[in-house]
Amino acid sequence: EAKDLEPGDMLLCSSFDGSTWSTGIQPELSYLKGLVDGDGLILVGYHYKRKRSEIRIFDNQREFLEKVQILALGMGAKASVRKSAKNCYELDIYGELAKQVDSLDFKFILKDLEAFRAWVAGFFDAEGYVEKTRMRVKITNSKRELLEKISDALRITGMRTYLSSGGVSRGSRCWQLC
């Protein structure tokens with residue numbers, strides 16, 4: 001049930017016919033890309049004359065970021081969690097993993113079912129929530145076009161979705177994918 005969902009849980013589609021589309025994208029990379037697309041950024045380039053590749057993911061739950069840190073460490077990256085503001089923590093992931101995540105293009109993720117599922121899980125962990133009163137899953141974001149692409153892809157896998165206005169947050173128009 002929707003009320004039992006926790007960060008990192010995968011959604012299964014009951015009407016999906018079971019066929020697979022795979023291009024070989026590592027699901028863990030897609031999950032990290034989903035997190036970054038929702039609540040993070042990637043820095044690839046030079047900083048103070050040093051070449052640098054880094055992912056930064058922000059969240060208000062340190063425990064969640066520590067779980068993602070374990071994932072990154074398992075993939076051979078260097079990673080650390082620190083407090084970055086009053087109610088916010090930051091996960092920094094360094095090295096080649098940042099370049100790999102940065103190189104993933106959403107249009108290629110859409111062509112790989114497992115990678116897409118992992119990306120949606122990461123994006124949901126960053127931007128989604130469960131509306132407990134109506135028992136439905138929602139993703140809120142200011143990028144309507146991105147939510148439309150996600151909605152289209154979810155419909156292909158058998159999920160019913162719709163897009164609605166989410167009002168204004170921090171001066172930006174928001175949309176909700178339900």
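About the cut-offs
- Residues numbered from 1 in each chain as written.
- Predicted model: local features only at pLDDT ≥ 70, side-chain atom pairs only at ≥ 80, totals over all residues.
- Heavy atoms only, no water.
- Helix = DSSP H or I, 4+ residues; strand = E, 2+ residues; numbered from the N terminus.
- Buried < 20%, exposed > 50% of the residue type's maximum accessible area, 1.4 Å probe, protein only.
- Contact = heavy atoms within 4.5 Å.
- Pairing = 2+ DSSP bridges.
- Salt bridge = Lys/Arg side-chain N within 4 Å of Asp/Glu carboxyl O.
- Axes fitted to C-alpha atoms, helices over the stretch in contact; angles between N-to-C directions.
- Parallel < 35°, antiparallel > 145°, perpendicular 65-115°, else oblique.

Asker: Please explain the side chain of glutamine 69 as it appears in this structure.
Answerer: Secondary-structure assignment places glutamine 69 in helix α2 (residues 62-74). Judged by relative accessible area, glutamine 69 falls into the buried class, the value being 17%. Among residues more than four places away in sequence, those in contact with glutamine 69 are Ala79, Ser80, Val81 and Leu91.

Asker: Help me understand the pairing of strand β6 (residues 136-141) in this model?
Answerer: Consecutive side chains of a regular strand alternate in pointing toward one face of the sheet and then the other. One ladder, built from four bridges, connects strand β5 (residues 128-131) with β6; its direction is antiparallel. Pairing of glutamate 131 across the sheet is with arginine 136, part of β6. Counting the residues between successive antiparallel strands, the hairpin from β5 to β6 contains four residues, one of them, methionine 135, with a positive phi of roughly 55 degrees. When β6 meets strand β8 (residues 172-177), the two strands line up antiparallel, connected through three bridges.

Asker: Can you help me understand the pattern of salt bridges in this one?
Answerer: It is possible for side chains bearing opposite charge to pair when their charged atoms get close. One pass over the structure, following the stated rule, counts 14 salt bridges. For arginine 62, the salt bridge identified is with glutamate 66, shortest N-O distance 2.9 Å. With arginine 62 and glutamate 66 both in helix α2, this residue pair falls four residues apart, about one helical turn. Arginine 155 is the partner of aspartate 152 in a salt bridge, and the nearest nitrogen-oxygen pair spans 3.9 Å. Taken together, the positions of aspartate 152 and arginine 155, both in helix α6 (residues 144-156) and three residues apart, correspond to about one turn of that helix. Under the relative-accessibility criterion, arginine 155 is labelled partly exposed at 44%. Connected through salt bridges with shared partners, the residues Glu54, Arg56, Arg82, Glu90 and Asp92 form a single ionic network.

Asker: Explanation requested: the environment of isoleucine 25 in the structure shown.
Answerer: Within the secondary structure, isoleucine 25 sits in the segment before α1 (27-39). In this structure isoleucine 25 comes out as buried when scored by relative accessible area, which is 14%. The spacing of isoleucine 25 and glutamate 114 is 89 residues in sequence and 8.1 Å in space, taken between C-alpha atoms.

Asker: Got a minute to help me understand the packing of α1 against helix α3 (residues 96-103) in this structure?
Answerer: Axes are the key here: two packed helices are described by the angle between their axes and the distance separating the axes. Orientation of α1 relative to α3, taken along the N-to-C sense of each, is 80 degrees, at an axis distance of 9 Å. With respect to each other, α1 and α3 are oriented roughly perpendicular. Along the contact surface, α1 presents Leu29, Leu32 and Lys33, while α3 presents Leu97, Gln100, Val101 and Asp102.

Asker: Looking at this structure, how should I read the sheet that holds β8?
Answerer: Each strand in a sheet pairs with its neighbour through backbone hydrogen bonds, running either in the same direction (parallel) or in the opposite one (antiparallel). Ordered in space as β5-β6-β8-β7, the four strands form an open sheet in which the pairing is antiparallel. In this open sheet, the two edge strands, each paired with only one partner strand, are β5 and β7 (163-169). On average, each strand axis in the sheet is inclined to that of its neighbour by 30 degrees, with strand direction left out of account. Taken strand by strand, helix α5 (residues 113-127) contacts β5 and β6, and its axis lies near 80 degrees from that of β6. Relative to the sheet, α6 contacts β6, β7 and β8, its axis offset from that of β8 by approximately 5 degrees.

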